[in-house]
Protein chains: 2
Amino acid sequence: MYSSPMSQKPLRRVVVTGGTHGNEMSGVYLVQHWLQDPRELQRPSFSAMPVLANPEAVATCCRYIDYDLNRAFTSTILNSKATPDDPYEVRRARELNQLVGPKSSDQAFDFLLDLHNTTANMGACLILESSYSIFTLHLCHYLKLQNPDLSCCVFQYLFSRKESLGLDSVAKNGLTLELGPQPQGVLRADIYSQMRALVISAMDFIELFNQGTAFPAFDMEIYKTLDRVNFPLTEDGALAGTIHPQLQDQDLEPLKPGAPIFKLFNGEDVLYEGDSTVFPLFINEAAYYEKHLAFMKSEKITISVPALSALTSASTLAL
Amino acid sequence: MYSSPMSQKPLRRVVVTGGTHGNEMSGVYLVQHWLQDPRELQRPSFSAMPVLANPEAVATCCRYIDYDLNRAFTSTILNSKATPDDPYEVRRARELNQLVGPKSSDQAFDFLLDLHNTTANMGACLILESSYSIFTLHLCHYLKLQNPDLSCCVFQYLFSRKESLGLDSVAKNGLTLELGPQPQGVLRADIYSQMRALVISAMDFIELFNQGTAFPAFDMEIYKTLDRVNFPLTEDGALAGTIHPQLQDQDLEPLKPGAPIFKLFNGEDVLYEGDSTVFPLFINEAAYYEKHLAFMKSEKITISVPALSALTSASTLAL
């Protein structure tokens, strides 16, 4: 299960990225703040580097210019020869791969924390890539314990393809923070504060680990991707209805077979036809309309995470 | 006060516009629905024409392509000679002026209802232009009475300039429906239903008037624009903070002198320094970031609206 084993060394090279999608404002403004005043990212054993991931998209307050940057970190894109016609985000992905990677290499940064917002009512969601380490699971557990008022949920995003596409896959380990609901292009003080607190907690956890702290085993509920549910469409490919009002804002609440999921414009309800209770998320996310994705389904499972042993004194002394 | 007197004739030519801003989805989808199935806009005495106002912006799900269409209906723009370099919305404004105007002419449509969404927590807001008629005030009153669960508020938008810029100024009379909160690019079932109900009520009111119904005098609370409040900025022109969490979502609630309005990124609060209680609206509207507009201030006043007399039988018979 833990396909990305953590080497028993302190994390010296940590990066915090925001503005991977240029209209998700919490990360944009937090990174811009830390570029001016990086003290919150500094600890005795390391200093995390803030990076504005997609500055062109930030400048025009859109998700991306030519291509979704958070789907651009494939080996095909990163390793192909540059041409003058490459989309902006393809060029930017290669730049970021040079800066904090190269992906899957020994030179890659130790940890990458990528900051996102959603229009869905998902609260504070911690998103793991398909492959993740025991270290990252302990980080999630620590974030939950240190921020009990946020009711953080942990979501494992399983790709249909083998390769991870996201920015957080470039470093040796990574985690995505996905906070909502927040409209695109809007900066809410409450969401901003929550994200800031989570990043500060993450820095604290890395510092504790680097200083030789051991972390005991624990059990944790996580949500695992099942599949996606698309909007109903007309013959012309246009939306035939909306998310049902009984499903709207019910992210991570149980969705039972027979419950309404869409309200068609002709007044009819569409019911959920699955044969088991699932947990929807990214319900009515603005960015997914272009893919006709209405929401994602997940299952809730409990995993047992083994202890994270303390670094040896030889490692910590090397700090 | 009622600078746009209503002629005592039935309203035969009525238009309902959506997608004036291409990422405000309730109007976009309602108009697209009515273009397929116009029955809800048909009454015995008239049929309202649905118009998708900014199809290019709708196609790319953005507010506008080159220029805010809802600021383009000035006499300068509408009457100047077309050139090949004209921005898309300047060309579109002239097309719409030909379709439902010309503005300020006898040929203009009798009534225009323009459908908008906001990311602010404004509920169902009915926006009057600076100049409005007794007819339009009676329509607002009727919409409030027929939809008591929506707690509609009436807002008079006073421009700093003499001329109205908006699409609703092209017809002889007009009203803008502004419903929120809804993120840009998202279609919520609840807001969609509310807007649909309001448009149906508006059609009903016009039909009642056309059929010779008289409407008695009444008193009504309305909000009148005072001025705008901009975000605090750094020396570089960037945001220096957010809407204060105590102000966020408090549209149309009283804002008292000394109450916090901004939370700076350095942690400081900025207080409201006015000398009287005001009523903020459009708090943290995504579209206004480009103007650095944080919210608008209004005052709440009560107006006495005279009776709307019945059309003479000669007029109604002409139907």
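Parameters at a glance
Residues numbered from 1 in each chain as written. Chains lettered and ligands numbered in written order. Predicted model: local features only at pLDDT ≥ 70, side-chain atom pairs only at ≥ 80, totals over all residues. Heavy atoms only, no water. Contact = heavy atoms within 4.5 Å. Buried area = accessible area lost by both parts, 1.4 Å probe. Salt bridge = Lys/Arg side-chain N within 4 Å of Asp/Glu carboxyl O. Polar contact = N/O pair within 3.5 Å; in protein donor to acceptor, adjacent residues only side chain to side chain. Helix = DSSP H or I, 4+ residues; strand = E, 2+ residues; numbered from the N terminus. Domains from an automatic or database assignment. Nonpolar A, V, L, I, M, F, W, Y, C, P; charged D, E, K, R; others polar. Pairing = 2+ DSSP bridges. Axes fitted to C-alpha atoms, helices over the stretch in contact; angles between N-to-C directions. Parallel < 35°, antiparallel > 145°, perpendicular 65-115°, else oblique. Left-handed = near helix turned anticlockwise from the far one by under 90°. Buried < 20%, exposed > 50% of the residue type's maximum accessible area, 1.4 Å probe, protein only. Phe/Tyr/Trp six-rings, centres within 6.5 Å; stacked < 30°, edge-to-face > 60°. Least-squares fit on C-alpha atoms with pLDDT ≥ 70 in both.

Asker: Explain the interface of chain A and chain B to me, please; I cannot follow it from the model alone.
Answerer: Note: interface size is frequently given as the accessible area lost on complex formation between the parts. Opposite the 23 residues of chain A that make contact, chain B presents 23 residues. Both faces considered, chain A and chain B share a buried interface measuring about 2000 Å² in area, 61% of it formed by carbon and sulfur atoms. Linking chain A with chain B are 2 salt bridges, by the criterion used here. D249 of chain A is the salt-bridge partner of R188 of chain B, the closest N and O atoms lying 2.8 Å from each other. Where chain A meets chain B, there are 6 residue pairs in polar contact (both at pLDDT 80 or more). Mapped onto the side of chain A that touches chain B, the elements with two or more residues apiece are helix 1 (25–36), helix 6 (189–210) and strand 10 (241–243) of chain A.

Asker: Would you take a moment to explain the domain arrangement of chain A for this structure?
Answerer: All names here are of chain A. One can read the domain layout of chain A as domain 1 (14–221 + 304–317) and domain 2 (229–298). Using C-alpha coordinates to define each centre, domain 1 is positioned 28 Å away from domain 2. Contact with domain 1, which involves 14 residues of that partner, is made by 15 residues of domain 2. Where domain 1 abuts domain 2, roughly 1200 Å² becomes buried across the two surfaces, and 58% of that area is made up of carbon and sulfur atoms. On the domain 1 side of the interface with domain 2, the three residues burying the most area are N121, M122 and F155, jointly 36% of the side's total. Along the contact surface separating domain 1 from domain 2 lie 0 salt bridges. Linking domain 1 with domain 2 are 7 residue pairs in polar contact (both at pLDDT 80 or more), by the criterion used here. Residues belonging to the side of domain 1 that touches domain 2 are distributed by class as follows: 7 nonpolar, 4 polar and 3 charged.

Asker: Which parts of the structure should I look at to understand the pattern of salt bridges?
Answerer: Two side chains that carry opposite charge are able to pair once their charged atoms sit near each other. Following the criterion strictly, the structure yields 26 salt bridges over all chains and no others. Linking D204 of chain A and R43 of chain A is a salt bridge whose minimum nitrogen-to-oxygen distance equals 2.9 Å. With D204 of chain A in helix 6 and R43 of chain A in strand 2 (residues 42–43), this residue pair connects regions lying 161 residues apart in the sequence. Put simply, D190 of chain B and R188 of chain B hold a salt bridge, and the shortest N to O gap is 3.1 Å.

Asker: What is the right way to read the sheet that holds strand 6 (residues 123–128) of chain A from this model?
Answerer: Within a sheet, adjacent strands bond to each other through the backbone by hydrogen bonds, running parallel or antiparallel. Residues and elements named next belong to chain A. With mixed pairing, 9 strands are arranged side by side in an open sheet as 4-1-5-8-6-7-9-14-13. Of all the strands in the sheet, the pair left with one neighbour each is strand 4 (49–52) and strand 13 (279–281). If you compare each strand with its neighbour and ignore which way they point, the axes differ by 30° on average. Relative to strand 4, helix 4 (residues 88–100) is tilted by about 175°, and along the sheet it contacts strand 1 (14–18), strand 4 and strand 5 (111–117).

Asker: Even after reading the chapter, I still don't get the sheet that holds strand 12 (residues 269–271) of chain B, so can you show me in this structure?
Answerer: Residue and element names in this part refer to chain B. Read across the sheet, 3 strands follow the order 10-11-12 without closing on themselves; strand pairing throughout is antiparallel. The open sheet is flanked by strand 10 (241–243) and strand 12, the only strands paired with a single partner. Across the sheet, the mean angle from the axis of one strand to that of its neighbour is 30°, orientation sign disregarded. Looking at chain direction, strand 10 and strand 11 (residues 260–264) are connected through 3 bridges and run antiparallel. If you follow T242 over to strand 11, its bridge partner there is K263.

Asker: Sorry, what's going on with the packing of helix 5 (residues 134–146) of chain B against helix 6 (residues 189–210) of chain B here?
Answerer: Axis angle and axis distance: for two packed helices, these are the angle between their axes and the distance between the axes, and together they describe the pair. Residues and elements named next belong to chain B. At a closest axis distance of 9 Å, the pairing of helix 5 and helix 6 adopts a crossing angle of 125°. As judged from the angle between their axes, helix 5 and helix 6 are oblique. Crossing angle aside, the handedness with which helix 5 passes helix 6 is right-handed. Contacts between helix 5 and helix 6 involve F135, H138, L139, Y142, L143 and Q146 on the former and, on the latter, L198, S201, A202, D204, F205, I206, L208 and F209.

Asker: When you look at the side chain of N117 of chain B in this model, what are you seeing that I'm missing?
Answerer: Residues and elements named next belong to chain B. Looking at the element boundaries, N117 is found in strand 5 (residues 111–117). Looking at N117, the relative accessible area reads 4%, which means it is buried. One polar contact links the side chain of N117 to the main-chain carbonyl oxygen of L179, over a distance of 3.2 Å. Of note is the side chain of N117, whose polar atom sits 3.1 Å from the side chain of Q182. Ignoring any residue separated from it by four or fewer positions in sequence, one finds N117 in contact with E24, M25, S26, G27, E178, L179, Q182, I191 and M195.

Asker: Would you mind going over the packing of aromatic side chains with me for this structure?
Answerer: Aromatic rings considered in pairs are described by the distance between their centres and by the relative angle of their planes. Under the counting rule described, the total for this entry stands at 26 aromatic pairs over all chains. Pairing F262 of chain A with F295 of chain A gives two aromatic rings, centres 6.4 Å apart and planes at 40°, and the pair type is tilted. Of this pair, F262 of chain A sits in strand 11 (residues 260–264) while F295 of chain A sits in strand 14 (residues 293–305); the two residues are 33 residues apart in sequence, bridging distant segments of the chain. Judged by relative accessible area, which is 4%, F262 of chain A ranks as buried. Assessed through its relative accessible area of 0%, F295 of chain A is described here as buried. On the numbers, 5.9 Å between centres and 45° between planes, the contact of F231 of chain B with F262 of chain B is tilted. With F231 of chain B in the loop between strand 9 (218–230) and strand 10 and F262 of chain B in strand 11, this pair connects stretches of sequence that are 31 residues apart. Residue classification places F231 of chain B among the buried residues on the basis of a relative accessible area of 4%. Members of the aromatic cluster, each reached through a chain of ring pairs, are F111, F135, Y142, F205, F209 and F215 of chain A.

Asker: In this structure, what is going on with the relation of the copies chain A and chain B? I would like to understand it.
Answerer: The relation between the two copies of this chain is a rotation about an axis and a shift parallel to it. Placing chain A over chain B gives an RMSD of 0.0 Å and needs a rotation angle of 180°, together with 0.0 Å of translation along the axis. Seen this way, the second copy is the image of the first under a two-fold rotation axis. For chain A, the smallest separation between a C-alpha atom and the rotation axis is recorded for P183 of chain A, amounting to 2.3 Å. The overlap is high: 100% of the interface residues of chain A also sit at the interface in chain B, so the same surface is used on both sides.

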